[in-house]
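# Structure at a glance
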2 protein chains.
Amino acid sequence: MNASEPVSDGAAGSWQFDRETAVRPTDTPGVWSTEVSDQWNIGQNPNGGYAISSVLRAMLASAAASAASHSMPISVTSHYLRPPAAGQSAEIVTEHVRSGRTTSTVVGRLVQEGRERIRVLGTFGEEPHSVGPPTLTIPPFPVPQPDECTSRRELEQGIALPILGRLDVRIDPALTGVSGRAEVAGWIRFLDGREPDTTSLLLFCDAFPPSPFGLLGRIGWVPTLELTVHVRRPPAPGWIRAHLTTRDIGDQLLVEDCVLWDSSGAVVAQARQLSLLRVDQ
Amino acid sequence: MNASEPVSDGAAGSWQFDRETAVRPTDTPGVWSTEVSDQWNIGQNPNGGYAISSVLRAMLASAAASAASHSMPISVTSHYLRPPAAGQSAEIVTEHVRSGRTTSTVVGRLVQEGRERIRVLGTFGEEPHSVGPPTLTIPPFPVPQPDECTSRRELEQGIALPILGRLDVRIDPALTGVSGRAEVAGWIRFLDGREPDTTSLLLFCDAFPPSPFGLLGRIGWVPTLELTVHVRRPPAPGWIRAHLTTRDIGDQLLVEDCVLWDSSGAVVAQARQLSLLRVDQ
């Protein structure tokens, strides 16, 4: 798309992520148009976290129309129905479910060629007013500094990863191969220098190598059936630290957990996804 | 409701849970009627896990109409919009989103007095064919035997709990008070002898005392904003073992995790919920 076209949030134009997830209202209320870029692909398919980012923008606009302060995606669940098509336009259809005093709930659907690809259900709240420490939190998982980690670009992934032209993903060298643990830890940021915000945390949750590879080896594509992200607070600028673990693999499904921390060490998101394991081990 | 009335699954009539979550089709396709019992209340409100059980039945019927084998709720996310009203009828509106070879996705909405109370988005799959051990799993959390645990009925909860006339909930005595840990462990089963099935696991995930009480004391109602349950396999008969932990409390929200095991020690469900903490500590 043309970066000079109007976009929903006024902040786009400068950064790749904002340009390539921008949504434009159509003449039909609740219907938006977007272009699904092929620059965030995992192989032939758009990364799942990327694919929902434009949907999230439309949902945020829908929430803001009723409650402008409900700008933080406190709980977003995405069900992946069919792979979205990269390099093609898409329609996003939003449904405003409810706005109350503290939260707004919105549905978003990504539709291409008349077929729904992703169904997203999200609740949005206010950004926290306090800056005090949390009552209880998850301490930052120990990871070597980014410069001591391995760039995901240097890893043999068995698949083309255009997304690594957009994201700088660093992996703890102890967890890059078959470590015997279904675990990945590392760092992530945008390659073009864009700082993280609450919207980008959904993408970051889904941009690391699947943690089951550490136990099972590269077992091919592990398609996400469902991803739920809880954004806990806006991230401070800088690298986002990530820890992904899978404790539960069987019956051709797996449940993977992810925690993200910002550069101050604060938990900024928790996520969990249910993925399909094509070959049960 | 009258137990002799026709219900959706033909299996009802005998057991309280089946009778009190039964749904009946109406003349409008995709619209069902149900009665929200007041026998599963937490205080004045129906338990959240109970409230979605009738919605789940209608969603399962919707999935079965396209793919009869998609009978296991592999991922179900519920957003609680407004408290449902106990002792009143309700309408359940289903939307069949998609059925593919391996999964079906369905939306269910619980509506009372014209207002949507709960929005549920679920994906259903086949029950696993294999009975082999999982590739990776979560070992059963150690809990004293049910007879050595404390019945939830004996605990001072600060609120009336009619639901304990339906469910037998036992708590590890080490985790019944302010233990300094946001953690609860115990056992659960239906009081009338009904065996667990995949549908009842959603209820069981939400029927223990909130685990933050172990750290913060009884801080009053902790309303669930969103609950996601991944059912992993059908449970064996007998008690269901539960472990609930909260690692993340702050900014008036908390994220609680739950794992359920059956009497054979197999993980049968994982769940996570985002709840509102009315008074930040």
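Residues numbered from 1 in each chain as written. Chains lettered and ligands numbered in written order. Predicted model: local features only at pLDDT ≥ 70, side-chain atom pairs only at ≥ 80, totals over all residues. Heavy atoms only, no water.

Further remarks concern the relation of the copies chain A and chain B. Overlay of chain A on chain B (RMSD 0.0 Å): rotation 180°, translation along the axis 0.0 Å. Taken together, the rotation angle and the small translation identify this as a two-fold axis. Residue by residue, 100% of the interface of chain A is reproduced at the interface of chain B, so both copies engage with the same surface. (Least-squares fit on C-alpha atoms with pLDDT ≥ 70 in both. Contact = heavy atoms within 4.5 Å.)

What follows concerns the pairing of strand β14 (residues 253-261) of chain B. All names here are of chain B. Buried residues dominate β14, accounting for 9 of its 9 residues. Where strand β13 (residues 240-250) lies against β14, 9 bridges are found, and the strand directions are antiparallel. Bridge pairing in β14 places Ala242 opposite Leu260. Once β13 ends, the chain turns through 2 residues before running back antiparallel as β14, passing Asp251 with a positive phi of about 55°. Of the pairings in the sheet, the one linking β14 to strand β15 (residues 267-276) comprises 9 bridges and is antiparallel in character. If you follow Leu253 over to β15, its bridge partner there is Leu276. Adjacent in sequence and paired antiparallel, β14 and β15 are bridged by 5 residues, among which Gly265 carries a positive phi angle near 90°. (Buried < 20%, exposed > 50% of the residue type's maximum accessible area, 1.4 Å probe, protein only. Helix = DSSP H or I, 4+ residues; strand = E, 2+ residues; numbered from the N terminus. Pairing = 2+ DSSP bridges.)

Below, the discussion takes up the pattern of salt bridges. Scanning all chains against the criterion turns up 32 salt bridges over all chains. In this structure, the salt-bridge partner of A:Glu95 is B:Arg119, at a minimum N-O distance of 2.8 Å. You can see A:Glu95 sitting in strand β6 (residues 88-99) and its partner B:Arg119 sitting in strand β8 (residues 115-125), one on each of two chains. Owing to a relative accessible area of 3%, B:Arg119 belongs among the buried residues under this scheme. A single network of salt bridges, built from pairs that share partners, joins A:Asp18, A:Arg57, A:Arg194 and A:Asp197. (Salt bridge = Lys/Arg side-chain N within 4 Å of Asp/Glu carboxyl O.)

Residue and element names in this part refer to chain A. Taken as a whole, chain A shows an average pLDDT of 93; of its residues, 94% reach a score of 70 or greater. Taken as a whole, residues 1-10 scores under 50 in pLDDT and shows 17 contacts with residues more than four places along the chain or in a different chain. The complex prediction reports pTM at 0.95, with the ipTM value standing at 0.94. (pLDDT = per-residue confidence, 0-100.)

Residue and element names in this part refer to chain A. Phi is positive for Gln252, close to 65°, though the residue is something other than glycine. Looking at the secondary structure, you find Gln252 in the loop between β13 (240-250) and β14 (253-261). Gln252 sits in the partly exposed class, given a relative accessible area of 40%.

Turning our eyes to something else, we now look at helix α2 (residues 48-66) of chain B. Residue and element names in this part refer to chain B. Look at α2: 28 Å from first C-alpha to last across 19 residues, which is about the 27 Å you get at 1.5 Å a residue. The axis of α2 is deflected most strongly, by about 30°, at Ser54. Summarising burial for α2: 15 of the 19 residues are buried, a large majority. Of the residues that open α2, the one with a side-chain oxygen 2.8 Å from the backbone nitrogen of Gly49 is Asn47. (Expected span 1.5 Å × (residues − 1). Bend = angle between axes of the 7 residues up to and from the residue. Polar contact = N/O pair within 3.5 Å; in protein donor to acceptor, adjacent residues only side chain to side chain.)

All names here are of chain A. The buried count for strand β7 (residues 103-112) comes to 9 of 10 residues, which makes it a mostly enclosed element. For β6 and β7, the ladder comprises 8 bridges, and the chain directions are antiparallel. Bridged to Ile92 within β7 is Leu110. Taking the residues that link successive antiparallel strands as the turn, the β6-β7 hairpin has 3 residues. As paired elements, β7 and strand β8 (residues 115-125) share 10 bridges and run antiparallel to each other. Looking at the pairing, Arg109 lines up with Arg119 of β8. As consecutive antiparallel partners, β7 and β8 are separated by 2 residues, and within that stretch Glu113 has a phi angle of approximately 50°, a positive value.

Looking now at the interface of chain A and chain B. Contacts between chain A and chain B engage 50 residues on the former and 50 residues on the latter. Carbon and sulfur atoms supply 52% of the area buried between chain A and chain B, which totals about 4,600 Å² over both sides. Among the residues of chain A in contact with chain B, A:Leu136, A:Arg232 and A:Arg272 are the three that bury the most area, contributing 15% of the side total. Run the count over chain A and chain B and you get 8 salt bridges. With a closest N to O distance of 3.0 Å, A:Asp248 and B:Arg232 form a salt bridge. Split into classes, the residues belonging to the side of chain A that touches chain B amount to 20 nonpolar, 16 polar and 14 charged. (Buried area = accessible area lost by both parts, 1.4 Å probe. Nonpolar A, V, L, I, M, F, W, Y, C, P; charged D, E, K, R; others polar.)

On to the packing of aromatic side chains, then. A full pass over the atoms with the stated rule returns 10 aromatic pairs over all chains. Between A:Trp40 and A:Tyr50 the ring centres are 5.2 Å apart and the planes differ by 5°, which places this aromatic pair in the stacked class. One end of the pair, A:Trp40, is in the loop between β2 (31-36) and β3 (41-42); the other, A:Tyr50, is in helix α2 (residues 48-66), with 10 residues separating them in the sequence. Here A:Trp40 falls in the buried class, since its relative accessible area comes to 0%. Measuring from centroid to centroid gives 5.8 Å for B:Phe17 and B:Trp40, while their planes differ by 65°, and the two rings are edge-to-face. Residue B:Phe17 is found in helix α1 (residues 16-19), and its partner B:Trp40 is found in the loop between β2 (31-36) and β3 (41-42); the two are separated by 23 residues along the sequence. Comparing B:Phe17 with B:Trp40, the two get one shared label, buried. (Phe/Tyr/Trp six-rings, centres within 6.5 Å; stacked < 30°, edge-to-face > 60°.)

What follows concerns the packing of α2(B) against helix α3 (residues 198-205) of chain B. All names here are of chain B. α3 packs onto α2 with a crossing angle of 155° between their chain directions and a minimal axis gap of 8 Å. The angle between the axes of α2 and α3 places the two elements in the roughly antiparallel class. The interaxial crossing formed by α2 with α3 has right-handed handedness. Where α2 approaches α3, its residues Gly49, Tyr50, Ile52, Ser53, Leu56, Arg57 and Leu60 are matched on the opposing element by Thr199, Leu202 and Leu203. Across the contact of α2 with α3, the residue classes tally to 6 nonpolar, 3 polar and 1 charged. (Axes fitted to C-alpha atoms, helices over the stretch in contact; angles between N-to-C directions. Parallel < 35°, antiparallel > 145°, perpendicular 65-115°, else oblique. Left-handed = near helix turned anticlockwise from the far one by under 90°.)

With that settled, consider the side chain of A:Thr199. Residue and element names in this part refer to chain A. Tracing the chain through its elements places Thr199 in helix α3 (residues 198-205). Using a relative accessible area of 7% as the deciding quantity, one classes Thr199 as buried. The residues contacting Thr199, other than those within four sequence positions of it, are Phe17, Leu56, Arg57 and Leu60.

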